[in-house]
Amino acid sequence: MNPQQIQACGDELYEALTKKETLRPFTERFEDITIEDAYHISLRMVERRVQAGAKIIGKKIGVTSKAVQNMLNVHQPDFGYLTDDMAFSQGEEMPISERLIQPKAEGEIAFILKKDLIGPGITNADVLAATDCVIPCFEIVDSRIENWQIKIQDTVADNASCGLFVLGDRAISPREVDLSTCGMVVEKNGQIISTGAGAAALGSPVNCVTWLANTLGQFGIPLKAGEVILSGSLVPLEPVQAGDFMTVSIGGIGSASVRFT
Amino acid sequence: MAEVQENKLTQAQIEQLAEHCENAELQAYEITKITNDFPEMTYKDAFDIQWEIRRRKEARGNKIVGMKMGLTSWAKMAQMGVEHPCYGFLADYFSIPDGGEIKHDELIHPKIEAELAFVTKAPLKGPGVHIGDVLRATDFVMPAVEVIDSRYKDFKFDLKSVIADNSSSSRFIAGGTMKKAEELDLKNLGVVMEINGEVVQLGAGAAVLGHPASSVAMLANMLGERGEEIPAGTFIMIGAITAAVQVNKGDSFCVRYQDLGTVSGKFV
């Protein structure tokens, strides 16, 4: 794709985001679109958000489960940018009917960094040493592509299908919990709907952050101290609507809740 | 459970069906589900058949070393198309040491399940047992893997047939780490099952009836319906946290537990 096409696609996505409209998949309209093109589109979309006053506060990693990788026929994760207007607090209502189009909830572990991580050559030991704390998190993903009919290039271009997120109030040092075996229980409207464990995301959430640091390192982009890194879902995606109430609890870490309006 | 007090089969039929099911277990061959031939069978009949198999084993000199709950997770109930858990007993020769070998030829079509085991220090007698009673009566919790092997062709059964077949019990491995119940977050305790080094199943304790101790409470209450209790010192497996996974000869497995170490074994 040429730079004009990339900019136009990024602008379309930004308009779709702000107007809550969906687009036809890019992979149907541009047969030769590459994953690299898609990242450039996502950068343009984020640039528009920043121009409108949003601040980048971290990154999210997606496509970390084997089930989703098989569905999209890829064998690597993807990533997107988190902005301050996506973040919600415990007890706050999350207005998904006002902000999102076709939302789905994912239970995740968020990493808060205390040191920069600059790939390549980052190992899991570097990630653990650079992590200040881990926090339970719901990420509410959304797609600006109609009916979630995404191929990998579509979701990458659409900022890794990022929507909104909420962090729990309990932060634990990564030294105190086994992030690969820690269990996750997700409840929706008072019923347990799924359970999982850390290894669901590429074998360990730490592997996901290591992958991101090394992948971004190739482009000279660091993971910065203070950033929030969402490491990928440990359970299947759950469609949500206004009125739903959800809780995620993670063994050895804590819980996060969210009420949707 | 409905119909639990009523028999439709005669004592002779119960003994004949117990022999039929136990022979299939001992000689590792498939049978068709027994409700095909005895559609009038009640839950009381089904449990009577299981208790008759237990009596046969004890008469032969086998020792009963524990109990198990089956079909306790929503994943398992959906997988098998049944809507209520069941229990079975564990005989001495079911036990395999951690890291040990399981002889595939002695079984029909084995599957493995990641579980936890409770060991009691006080009796539990239903009805009315709840998880508070269970936690108070628990000496310690340990990790366990169960090898299930329904004697029914293609694992196709209904709840009555599986109860009569000792709830598909065949082998089990208990791990070596023990913890007090109060030292564990049993609801959120994570398990990761790997076969030949690849992660195949994941879950957390809540997958078993919302909390692993609920499974033990349900066992006490189901046994209470027959006037039986769980004595102090009983080893109880709570049922699968994950869906059951089929294993082949040559497969090795390792289940990793949050705060409870690992359990591994190999099918030879």
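In this text the structure is predicted, and so the values were computed from the model without any measurement. Per chain, the residues get numbers from 1 upward, laid out in the order the sequence is written. For naming, the first written chain is A and the first written ligand is 1, with later ones following in the order written. The model is predicted, so local features are restricted to residues of pLDDT at least 70 and side-chain atom pairs to those at 80 or more, both for listing and for counting; the totals for chains, interfaces and linings are taken over all residues.

(A) Structural detail: the overall build of chain B. Across its full length, chain B holds six helices and 13 strands. Just to be clear, the radius of gyration here is over C-alpha atoms, and the globule rule we use is 2.2 Å times residues to the power 0.38. Taken over C-alpha atoms, the radius of gyration comes to 17 Å for chain B, in line with the 18 Å a tight globule of 268 residues would show. If you take every contact in chain B between residues at least 6 apart in sequence, the share linking residues at least 24 apart comes to 79%. Note on conventions: DSSP H or I runs of at least 4 residues are helices, E runs of at least 2 residues are strands, and numbering of each starts at the N terminus. Here, residues touch in the contact sense if the C-beta positions derived from the backbone fall within 7 Å of one another.

(B) Quick look at the environment of Trp148 of chain A. Positionally, Trp148 of chain A belongs in the loop between β6 (131-141) and α7 (152-157). Sequence-wise, Trp148 of chain A and Arg24 of chain A are 124 residues apart; in three dimensions their C-alpha atoms are separated by 9.9 Å.

(C) Fine view of the nonpolar core. Counting residues in each nonpolar core, the largest one holds 153 residues, and the members touching the most others are Cys137, Phe138, Ile140 and Ala197 of chain A together with Ala144 and Leu219 of chain B. In terms of residue count, helix α6 (residues 212-224) of chain B provides more of this core than any other element does, eight residues in total. Ignoring anything within four residues of it in the chain, the contact list for Phe138 of chain A reads Ala105, Glu106, Gly107, Phe165, Val166, Met246, Val248, Ala256 and Val258 of chain A. Remark: nonpolar core denotes a set of buried Ala, Val, Leu, Ile, Met, Phe, Trp, Tyr and Cys residues whose joining runs through C-beta atoms within 7 Å. Exposure classification rests on a simple neighbour count of other C-beta atoms within 10 Å of a residue's own: a residue reaching 20 or more is buried, one at 12 or fewer is exposed, and one in between is partly exposed. C-beta atoms are placed from the backbone.

(D) Quick look at the interface of chain A and chain B. Listed as interface residues are 19 residues of chain A and, on the opposing side, 18 residues of chain B. Of all the elements in the fold, those that place two or more residues in the side of chain A that touches chain B are β8 (183-188), β9 (191-197) and β12 (245-250) of chain A. Residues are grouped as follows: Ala, Val, Leu, Ile, Met, Phe, Trp, Tyr, Cys and Pro are nonpolar; Asp, Glu, Lys and Arg are charged; all remaining types, including Gly, are polar. Taken together, the residues of the side of chain A that touches chain B break down into eight nonpolar, 10 polar and one charged.

(E) Local environment of helix α1 (residues 11-27) of chain B. Residue and element names in this part refer to chain B. By this rule the span expected of a helix is its residue count minus one, scaled by 1.5 Å. Taking 1.5 Å of rise per residue, 17 residues should cover 24 Å, and α1 covers 24 Å from first to last C-alpha, within 8% of that figure. Among the residues of α1, those classed as buried are Ile14, Leu17, Ala18, Cys21, Glu22 and Glu25. Buried positions in α1, seen along its axis, are confined to an arc of 125° and lie on one side of it. For α1, the exposed residues set more than 90 degrees away from the buried face come down to Ala12, Asn23 and Gln27. Where α1 is buried, its residues contact α2 (43-59) and α5 (159-164). Looking one or two places after α1, you find Ala28, whose phi comes out positive at around 55°. It is the directions from the helix axis to the C-beta atoms whose arc is reported.

(F) Seen up close, the sheet that holds β9 of chain A. In short, DSSP must find at least two bridges between two strands for them to pair. Taken in spatial order, the five strands of this open sheet run β4-β13-β12-β8-β9 (chain A), and their pairing is mixed. Every interior strand has two partners, whereas the edge strands, β4 (93-94) and β9 of chain A, have only one.

(G) Highlighting the packing of helix α1 (residues 3-19) of chain A against helix α3 (residues 35-51) of chain A. Residue and element names in this part refer to chain A. To define axes, lines are fitted to C-alpha atoms, for helices over the stretch in contact only, and angles between the resulting N-to-C directions are given on a 0 to 180 degree scale. Following both chains from N to C, one finds α1 and α3 inclined at 50°, their axes separated by 8 Å at the closest point. Put simply, α1 runs oblique to α3. For the pair α1 and α3, the sense of crossing is right-handed. Of α3, the residues touching α1 (which contributes Ile6, Gln7, Cys9, Gly10, Asp11, Leu13 and Tyr14) are Asp37, His40, Ile41, Arg44, Met45, Arg48 and Arg49. Of the residues belonging to the contact of α1 with α3, the class tally is six nonpolar, three polar and five charged. Note that the term roughly parallel is reserved for angles under 35 degrees, roughly antiparallel for angles over 145, roughly perpendicular for angles of 65 to 115, and oblique for everything else. By convention, the crossing between two helices is left-handed when the near helix turns anticlockwise from the far helix through less than a right angle, and right-handed when the turn is clockwise.

(H) Structural detail: unusual backbone geometry. The step from Gly119 of chain A to Pro120 of chain A runs through a cis peptide bond, and the omega angle for that step is 0°. Positive phi, normally seen in glycine, also occurs at Ser161 of chain A, with a value near 55°. Tracing the chain through its elements places Ser161 of chain A in the loop between α7 and β7 (164-167). According to the C-beta neighbour criterion, Ser161 of chain A is buried, with 26 such atoms within 10 Å. Look at Asp259 of chain B: it is not a glycine, yet its phi comes out positive at around 65°.

(I) Fine view of the pairing of strand β13 (residues 261-267) of chain B. Residue and element names in this part refer to chain B. Alignment of strand β4 (residues 100-102) against β13, held across three bridges, turns out to be parallel. The residue bridging Ile102 from the neighbouring strand is Phe267, located in β13. Relative to β13, strand β12 (residues 252-257) runs antiparallel, the two being bridged by six bridges. Of the residues in β13, the one forming a bridge with Ser252 is Lys266. Where β12 folds back on β13, the antiparallel hairpin that results is connected by three residues, among which Asp259 adopts a positive phi of roughly 65°.

(J) Fine view of helix α8 (residues 205-217) of chain A. Relative to the 18 Å expected for 13 residues at 1.5 Å per residue, α8 of chain A spans 19 Å between its end C-alpha atoms, a close match to the ideal helical length. Elements that come into contact with the buried residues of α8 of chain A comprise β1 (56-62), β2 (78-83), β5 (104-113), α6 (124-130) and β10 (228-230) of chain A.

(K) The arrangement of the confidence of the model for chain B in detail. Confidence in the prediction for chain B averages 95 pLDDT; 98% of positions are at 70 or higher. Scoring of the predicted complex yields 0.94 for pTM and 0.91 for ipTM. pLDDT is a residue-level measure of predictor confidence that goes from 0 to 100.

(L) Seen up close, the sheet that holds strand β8 (residues 190-195) of chain B. Residue and element names in this part refer to chain B. Across the sheet, which stays open at both edges, the five strands sit in the order β4-β13-β12-β8-β9 with mixed pairing between neighbours. Sheet topology places β4 and β9 (198-204) at the edges, where each strand pairs with a single neighbour. Between one strand and the next, the sheet's axes are offset by a mean angle of 25°, whatever the strand orientation.

(M) View of the packing of α1 of chain B against α2 of chain B. Residues and elements named next belong to chain B. Viewed as axis vectors pointing N to C, α1 and α2 meet at an angle of 65°, and their least axial separation amounts to 8 Å. Handedness of the α1/α2 crossing: right-handed. Contact residues: α1 offers Ile14, Glu15, Leu17, Ala18, Cys21 and Glu22, while α2 offers Asp45, Asp48, Ile49, Glu52, Ile53 and Arg56. A breakdown of the residues in the contact of α1 with α2 according to their chemical character gives six nonpolar, no polar and six charged.

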